[in-house]
Amino acid sequence: MKALLCTHYGPPEEMELRDLPSPAPGKNQVLITVKACGVNFPDVLMLADKYQFRPALPFAPGGEVAGVVKALGEGVSNLKVGDRVAVSIGNGGFAEEVLADSRRCVPVPDKVSFEVASAFIVTYGTSYHALKDRAKLKAGESLVVLGAAGGVGLSAVELGVAMGATVIAGASTQEKVDLAKKHGAADGFVYPRLPLSRDQQKAMSDKIKELTGGRGADVLYDPVGDQYAEPSLRAMNWEGRYLVIGFAAGEIPKIPLNLTLLKGCDVLGVFWGAFTARDPKAANDSLREIMGMIADGRLSPDVSARFPLAEGGKAIRMLQDRQALGKVVVTMG
């Protein structure tokens, strides 16, 4: 089989396409013929040696795959050869075949394409965990989503709408705001590029308050971080919930804690990967719920760019340069 490998930390264009032996499934594992692999921001961080987990070199990036079960390991009874599945594997998905824990695999209905199936686990899994488990979002509340046209951002917009919230989309361009509106956002705003002056930060806070009827955000979903965090926290409603998703803008922000006192609000960390490890059954149940919503049309993952395996570096570069609208996937032909 072929795999696109990171052999040394550096630019995604320096990954190497190599031939590797086909792996054999062990106990409770399945071998999957990969059809598509979703690309996520952790892939960018892994190649730069900046992620929480450090796979041993050389490694293939790609944390979520969709494909067909090719072989079963000892003890596998929930799947059979030929089943269509999607699964989160951490890394290794930039390859024609992967091993996965059979108990973490999610069945993919025939009506759902492999590209879409590879594009939902990390993004929609993260957002569903954030909104349902961490923020306990209620129908009728306001949800402000930053980075609203990215993979996790669009998933948060769609899930927020499905959960009955009024969604306000924040993004760096009007094109991105318009995309979020197509996915159900009621309104939106464009925030300026970094660095932000104090006046720009205040204007951002004021805009969020204006679009939430003067009350501020009941829930604010922030995968961007950096200088956008403090003005967002200043725009929270009383007893609002500020969700720390990630830091796509670059820097990890330092937040004045007096704001949480003044707002009576919560700052909640969201780490989907750790949640799946600590409570795999709950995580898998959530993924099955999401797949059901995709199959019946309530959710529609937006796959905006596709690259063949040999050009997987371009897919990661697109995320690294923050050019992606929706989800980017790598296909295996």
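For the structure, check the block above.
Residues numbered from 1 in each chain as written. Predicted model: local features only at pLDDT ≥ 70, side-chain atom pairs only at ≥ 80, totals over all residues. Heavy atoms only, no water.

### A closer look at helix α3 (residues 121–134)
So, step 1. The buried fraction of α3 amounts to 11 of the 14 residues, a majority that puts the element mostly inside the structure.
So, step 2. Residues of α3 that are buried: I121, V122, T123, Y124, G125, T126, S127, Y128, H129, A130 and L131. (Buried < 20%, exposed > 50% of the residue type's maximum accessible area, 1.4 Å probe, protein only. Helix = DSSP H or I, 4+ residues; strand = E, 2+ residues; numbered from the N terminus.)

### Some thoughts on the sheet that holds strand β9 (residues 166–171)
So, step 1. Taken in spatial order, the six strands of this open sheet run β10-β9-β8-β11-β12-β13, and their pairing is parallel. Bordering the open sheet on either side are β10 (187–190) and β13 (266–269), each of which pairs with just one other strand. Here the average twist between neighbouring strands, direction ignored, is 20°.
So, step 2. Note that strand β11 (residues 217–222) and strand β12 (residues 236–244) share five bridges and pair parallel. Bridging across to β12, A217 finds its partner in M236.
So, step 3. Sitting on the sheet, α3 is in contact with β8 (142–145), β11, β12 and β13, with an inclination near 150° to β11. (Pairing = 2+ DSSP bridges. Axes fitted to C-alpha atoms, helices over the stretch in contact; angles between N-to-C directions. Contact = heavy atoms within 4.5 Å.)

### A word on the packing of aromatic side chains
So, step 1. Counting across every chain of the model gives five aromatic pairs.
So, step 2. With a centroid separation of 6.1 Å and an interplanar angle of 80°, the aromatic rings of Y51 and F53 are classed as edge-to-face.
So, step 3. Under the relative-accessibility criterion, Y51 is labelled buried at 18%.
So, step 4. Aromatic pair F189 and Y191: ring centres 6.2 Å apart, planes at 65°, arrangement edge-to-face.
So, step 5. According to the relative accessible area criterion, Y191 is buried, its value standing at 2%.
So, step 6. One aromatic cluster is present, formed by Y51, F53 and F271 through successive ring pairs.
So, step 7. It is R84 that lies over the ring of F114; its NZ or CZ is 4.2 Å from the centre. (Phe/Tyr/Trp six-rings, centres within 6.5 Å; stacked < 30°, edge-to-face > 60°. Lys NZ or Arg CZ within 6 Å of the ring centre and 35° of its normal.)

### What about the packing of α3 against helix α10 (residues 280–295)?
So, step 1. Running from N to C, α3 and α10 point in directions that differ by 110°, and their axes come no closer than 10 Å. Classified by the angle between their axes, α3 and α10 sit roughly perpendicular to one another. The residues of α10 that touch α3, namely those facing I121, Y124, G125, Y128 and K132, are S286, L287, E289, I290 and M293.
So, step 2. In terms of residue class, the contact of α3 with α10 is made up of six nonpolar, two polar and two charged. (Parallel < 35°, antiparallel > 145°, perpendicular 65-115°, else oblique. Nonpolar A, V, L, I, M, F, W, Y, C, P; charged D, E, K, R; others polar.)

### What to know about the pairing of β9
So, step 1. Among the six residues that make up β9, five are buried, leaving the element largely enclosed by the rest of the structure.
So, step 2. As judged from the four bridges shared by β8 and β9, these two strands associate in the parallel manner. Looking at the pairing, V144 lines up with I168 of β9.
So, step 3. Tracing the backbone out of β8, into helix α4 (residues 151–162) and back to the parallel element β9 gives a crossover that is right-handed.
So, step 4. Summarising the sheet, β9 and β10 pair through four bridges and their orientation is parallel. Following the sheet pairing, A171 is matched in β10 by V190.
So, step 5. For the crossover that starts at β9, traverses helix α5 (residues 174–182) and ends in the parallel β10, the hand is right-handed. (Right-handed = clockwise from strand over helix to strand, strands pointing away.)

### Details of the nonpolar core
Nonpolar side chains in soluble globular proteins tend to end up buried together.
So, step 1. Counting residues in each nonpolar core, the largest one holds 48 residues, and the members touching the most others are F120, L131, L143, V145, Y221, L243 and I290.
So, step 2. If one sorts the elements of this core by residue count, α10 sits on top with six residues.
So, step 3. In this structure L143 touches L131, L137, A156, G160, A165, T166, V167, I168, V219 and Y221, once residues within four positions along its chain are discounted. (Core = buried A, V, L, I, M, F, W, Y, C linked by side-chain atoms within 4.5 Å.)

### Brief notes about the packing of α3 against α4
So, step 1. One way to put it is that α3 packs onto α4 with a least axis distance of 8 Å and a crossing angle of 50°. Taken together, the axes of α3 and α4 lie oblique to each other. In the packing of α3 onto α4, the handedness of the crossing is right-handed. On α4, the residues that touch T123, Y124, S127, Y128 and L131 of α3 are G151, V152, S155, A156, E158, L159 and G160.
So, step 2. Here the contact of α3 with α4 is composed, by residue class, of six nonpolar, five polar and one charged. (Left-handed = near helix turned anticlockwise from the far one by under 90°.)

### What about the side chain of E64?
So, step 1. You can see E64 is positioned in strand β4 (residues 64–72).
So, step 2. Assessed through its relative accessible area of 0%, E64 is described here as buried.
So, step 3. Side-chain polar atoms of E64 contact the backbone nitrogen of I121, separated by 3.0 Å. (Polar contact = N/O pair within 3.5 Å; in protein donor to acceptor, adjacent residues only side chain to side chain.)

Everything listed is a geometric property; what it means functionally is a separate question.
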